[in-house]
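Listed below are the residues making up each chain.
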Amino acid sequence: MFAISLGDRAELGLLEPWQADEYLAHIDRGREFIGQYIGLAAAAGDLASACAFLQSYADKQAADGGRIFGIRLDGTLVGGVLFPRFDAATGCCEVGCWLEPAAVGRGLVTRAAGVLIDWAVDERGMHRVEWHVDPGNTGSINVAKRLGMVREGVLRQNHPHRGSRHDTEVWSVLAPEWKAHREH
């Protein structure tokens, strides 16, 4: 497999439809935790829906509109990072993440998201990288802060999740800010 070391026995690698069994097992281990703030867990209720979800990202990647990557710790899938939105024409993209509880607190998402931002800015010429987060998700907000992102504002009750409407904080980093952040 093609993978990038994140240090501490962790790797970032492709997450593809043929890995749906592994992906579903991972989601099942952390379903409630992962689903607290995002609908990712609900999108993979069984093997067919897990495969369909990963296929949707394979299709996005083929269209240059998104990508998904798994974070593995000691060879076990424990989370991931993704580009839910990737628009090369405008130079804007969004990075997102998820983890199962056993992987929290190790800095894996910060390092993996940094790899994605490096690639987006350095290889693809992205100018703006966004991070969308539920205001209650302090772990994800702390990742945005560690990535040098700026909180731009709140989209009020824009996101239906688990039967109610939730706010979304929008954080971002611009290419010159990211380059300066990396140097520190």
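Residues numbered from 1 in each chain as written. Predicted model: local features only at pLDDT ≥ 70, side-chain atom pairs only at ≥ 80, totals over all residues. Heavy atoms only, no water.

Draft legend 1. Spotlight on the overall build of the chain. Assigned secondary structure in the chain consists of five helices and eight strands. Along its sequence from the N terminus, the chain presents helices and strands in the succession β-β-α-α-β-β-β-α-β-α-β-β-α. Compactness check: the chain gives a C-alpha radius of gyration of 16 Å against a globular reference of 16 Å for 184 residues, within 12% of the reference. Once the C-alpha set of the chain is aligned to its principal axes, its extents read approximately 40 × 40 × 35 Å. The buried share of the chain, taken over its 184 residues, is 45%. (Helix = DSSP H or I, 4+ residues; strand = E, 2+ residues; numbered from the N terminus. Rg over C-alpha atoms; globule rule 2.2 N^0.38 Å. Buried < 20%, exposed > 50% of the residue type's maximum accessible area, 1.4 Å probe, protein only.)

Draft legend 2. Representation of the pairing of strand S8 (residues 164-174) in the model. When strand S6 (residues 128-133) meets S8, the two strands line up antiparallel, connected through six bridges. Paired with His132 across the bridge in S8 is Val170. Taking the residues between adjacent antiparallel strands as the criterion, strand S7 (residues 150-161) and S8 are bridged by two residues, where Arg162 takes a positive phi near 55°. (Pairing = 2+ DSSP bridges.)

Draft legend 3. Molecular detail of the pattern of salt bridges. Tallied over the full model, the rule gives 14 salt bridges. Linking Arg29 and Glu100 is a salt bridge whose minimum nitrogen-to-oxygen distance equals 3.0 Å. In this pair, Arg29 is assigned in helix H1 (residues 20-34) and Glu100 in the loop between strand S5 (92-99) and helix H3 (108-123), connecting sequence segments 71 residues apart. Between Arg128 and Glu130 there is a salt bridge, and its shortest N-O distance comes to 2.8 Å. You can call Arg128 buried: its relative accessible area is 17%. Three or more residues joined by partner-sharing salt bridges are found here, namely Arg85, Arg128, Glu130 and Glu152. (Salt bridge = Lys/Arg side-chain N within 4 Å of Asp/Glu carboxyl O.)

Draft legend 4. Looking closely at the sheet that holds strand S1 (residues 3-7). Pairing in this open sheet of eight strands is mixed, and the strands run S1-S2-S3-S4-S5-S6-S8-S7 from one edge to the other. In the strand order of this sheet, the two ends are held by S1 and S7, each with one partner. Averaged over all pairs of adjacent strands, the angle between their axes in this sheet comes to 25°, without regard to strand direction. Of the pairings in the sheet, the one linking strand S4 (residues 76-87) to S5 comprises seven bridges and is antiparallel in character. Note on S5: the bridge partner recorded for Asp87 is Cys92. The sheet contacts of H1 involve strand S3 (67-73), S4 and S5, and relative to S4 the element is tilted by about 85°. Contacts from H3 reach S1, strand S2 (10-14), S3, S4, S5 and S6, with the element oriented near 35° to S4. (Axes fitted to C-alpha atoms, helices over the stretch in contact; angles between N-to-C directions. Contact = heavy atoms within 4.5 Å.)

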